[in-house]
Amino acid sequence: MSIHRPRKRFGQNFLHDQHVLDRIIAAADFCEDDRILEVGPGPGALTERLLATGLPVLAVEIDRDLGTALQTRDAKNLEVKIGDVLRLDWSELLPEPPYKLIANLPYNISSQVLFKALDHRRAFRRLVLMFQKEVGDRLLAKEGTRTYGILSVLIQTWFKIEKVVKVPPGAFHPPPKVDSVVICLEPLSEPRTVLHDEELYRRLVKGAFAQRRKTLRNSLRGSGWSVEQIDRAFSDVAIDPGRRGETLTIEEFGALANVLSSHLGD
Ligand code: SAM
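Residues numbered from 1 in each chain as written. Predicted model: local features only at pLDDT ≥ 70, side-chain atom pairs only at ≥ 80, totals over all residues. Heavy atoms only, no water.

> Looking at this model, I keep getting lost on the overall build of the protein chain. Mind explaining?
Helix and strand counts for the protein chain stand at 11 helices and nine strands. By the compact-globule yardstick of 18 Å for 266 residues, the protein chain fits well, its C-alpha radius of gyration being 20 Å. Along the longest, intermediate and shortest principal axes, the C-alpha atoms of the protein chain span 65 × 40 × 30 Å. Classification of the 266 residues of the protein chain by burial places 48% in the buried group. Sequence separation of 24 or more characterises 66% of the internal contacts of the protein chain that already satisfy a separation of 6 or more. Of the accessible surface of the protein chain, which amounts to about 13,000 Å², a share of 48% is contributed by carbon and sulfur atoms. (Helix = DSSP H or I, 4+ residues; strand = E, 2+ residues; numbered from the N terminus. Rg over C-alpha atoms; globule rule 2.2 N^0.38 Å. Buried < 20%, exposed > 50% of the residue type's maximum accessible area, 1.4 Å probe, protein only. Contact = heavy atoms within 4.5 Å. Areas by Shrake-Rupley, 256 points an atom, 1.4 Å probe, with all protein chains shown as cover.)

In C-alpha cells form, the structure reads like this:
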C-alpha cells in the first residue's frame, strides 16, 4: 500500500506498540468458537494479531483507502466491510453471535460504539477496547466522584468492567494529545440491579445527570415526570430528592426506576 497519511477526521492514531498489542490479545482471552468484530482496523496492526488466532474476523472501516487495502490482503478468515459502523444495522452485522469486539476505537465515536454494544450486549462475549483515559475513568467511576455519570451507571449496570493497561501517546502514530487506556468489558447475565422497565431506567439515569449541579428533583423535571410523581417515588424508596444524581448508587437508581414504572398505571 502507498504511504497513508493519517486522517484526523476519522480519529486515526495508529497503534504500533507491540506490548500494548500483546496485552489486548491476552485480555481478549480467545476460545476456539469465538468470532471477532474489529471496528476501525486502519492499516491493520491489531488486525494482523487477530487474524493470527485463526478465528473469523469481521473488520469495519470507514476509510475507503484503508478498507480497500485490507480487502486485498490474502487471509481466508478476514471479511472487511467499508462503512460507518454507527450507521450499520448491528443485528445484520452480527448474524452469528457470540462475538468478541476488539478495537482501538477512534475517540470521537467511542461512547456511541459502547451504547451500540449495550443495545446488542447479548451478541457479545467480551469487549476489549481502547479509550481516551478520561472516558476510561468515567467507565470505572464509583458514585460520589466527579467522573461518575451516565456512562458509568449505564455501562456498569450491564457489564463487568476492568482496566487492562494504560497507554501513553507514544504508542500511536501520530501521538494523540491525551493518555489512553485499554478496558475489558464483559456483559453480565443479568443487570446489576433488578429492573422492571429498562427504557425507563435509562431515561431516569439520563435525566438525573442532565443538569449535574441541580438536585435530582430539579434535574428530573425536564425528563417528563411531574413534581408529584417525582416526590412520591422518592418518598416510596426513602431517597432524598435534594441529593444530586452523582451520589446515587446503581441499586438506588434501580429502585427509583422501579417505583416510577409501577406508578405509571396510576
Ligand atoms: N486499529 C488501528 C490501529 O490500532 O492502529 C486503527 C485505529 S484508529 C484510532 C481508528 C480507526 O477507526 C481508523 O482506521 C478510522 O479510519 C476508523 N474509523 C473512524 N470512524 C469510524 C467509523 N465511524 N466506522 C468505522 N471505522 C471508523
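> Teacher, can you tell me more about unusual backbone geometry here?
When glycine is set aside, most residues are seen to have a negative phi, and most peptide bonds are trans. With an omega dihedral of 5°, the bond running from P97 to P98 counts as a cis peptide bond. With respect to the helices and strands, the residue P98 is situated in the loop between α4 (90-93) and β5 (99-104). Along the chain, H173 connects to P174 via a cis peptide bond; the corresponding omega equals -10°. With respect to the secondary-structure elements, P174 resides in the loop between β8 (172-173) and β9 (180-187). Phi at D29 takes a positive value of approximately 45°, unusual for a residue other than glycine. Relative to the helices and strands, D29 is located in the loop between α1 (18-28) and β2 (35-39). Here the phi dihedral of A238 falls at roughly 55°; this positive angle occurs in a residue that is not glycine. Checked against the element boundaries, A238 lands in the loop between α10 (227-236) and α11 (250-263). Owing to a relative accessible area of 71%, A238 belongs among the exposed residues under this scheme.

> For this particular structure, what's the right way to read the side chain of N104?
Within the secondary structure layout, N104 lies in strand β5. Within the structure, N104 has its side chain in polar contact with the backbone oxygen of N13 (distance 3.4 Å). Each residue touching N104, except ones within four places of it in the same chain, is listed here: N13, L15, V39, G40, L46, M130 and F172. (Polar contact = N/O pair within 3.5 Å; in protein donor to acceptor, adjacent residues only side chain to side chain.)

> For this particular structure, what's the right way to read the domain arrangement of the protein chain?
One frequent convention defines the size of an interface as the accessible area lost when the parts assemble. What the domain assignment lists for the protein chain is domain 1 (8-187) and domain 2 (198-262). Computed over C-alpha atoms, the centres of domain 1 and domain 2 are 32 Å apart. Taken together, the contact between domain 1 and domain 2 spans 15 residues of the former and 14 residues of the latter. Interface of domain 1 and domain 2: buried area, both sides summed, is about 1,200 Å²; carbon and sulfur atoms make up 62% of it. Summed over the shared surface of domain 1 and domain 2, the number is two salt bridges. Across the pair D119 and R202 runs a salt bridge whose closest N-O atoms are separated by 2.8 Å. Taken together, domain 1 and domain 2 are joined by seven residue pairs in polar contact (both at pLDDT 80 or more). At the level of elements, α5 (110-119) and α7 (150-158) are the ones that each hand at least two residues to the side of domain 1 that touches domain 2. Among the elements that take part in the side of domain 1 that touches domain 2, α7 stands out by supplying six residues, more than any other. Residue composition of the side of domain 1 that touches domain 2, by class: six nonpolar, five polar and four charged. (Domains from an automatic or database assignment. Buried area = accessible area lost by both parts, 1.4 Å probe. Salt bridge = Lys/Arg side-chain N within 4 Å of Asp/Glu carboxyl O. Nonpolar A, V, L, I, M, F, W, Y, C, P; charged D, E, K, R; others polar.)

> Would you take a moment to explain the site of the ligand for this structure?
The full set close to the ligand counts 20 residues, and L15, G40, E61, D84 and N104 are the nearest of them. Between the ligand and the protein, one listed contact pairs an oxygen atom with a side-chain N or O atom of Q12 at 2.9 Å. Contact distances for the ligand include 2.8 Å between an oxygen atom and a side-chain N or O atom of N104. Taken by itself the ligand offers 590 Å² of open surface, and the protein chains cover 98% of this. Breaking the shell around the ligand down by element, the ones donating at least two residues are β1 (14-15) and β3 (57-61). (Near = heavy atom within 4 Å.)

> Help me understand the packing of α7 against helix α8 (residues 198-208), please; the structure alone is not making it clear to me.
Packed helices, taken two at a time, are described by the angle between their axes plus the distance between the axes. At a minimum axis distance of 9 Å, the contact between α7 and α8 shows a crossing angle of 155°. Between α7 and α8, the angle falls in the class roughly antiparallel. Taken as a pair, α7 and α8 cross one another with a handedness that is right-handed. Contacts from I150, V153, L154, T157 and W158 in α7 reach E198, Y201, R202, V205 and K206 in α8. A breakdown of the residues in the contact of α7 with α8 according to their chemical character gives six nonpolar, one polar and three charged. (Axes fitted to C-alpha atoms, helices over the stretch in contact; angles between N-to-C directions. Parallel < 35°, antiparallel > 145°, perpendicular 65-115°, else oblique. Left-handed = near helix turned anticlockwise from the far one by under 90°.)

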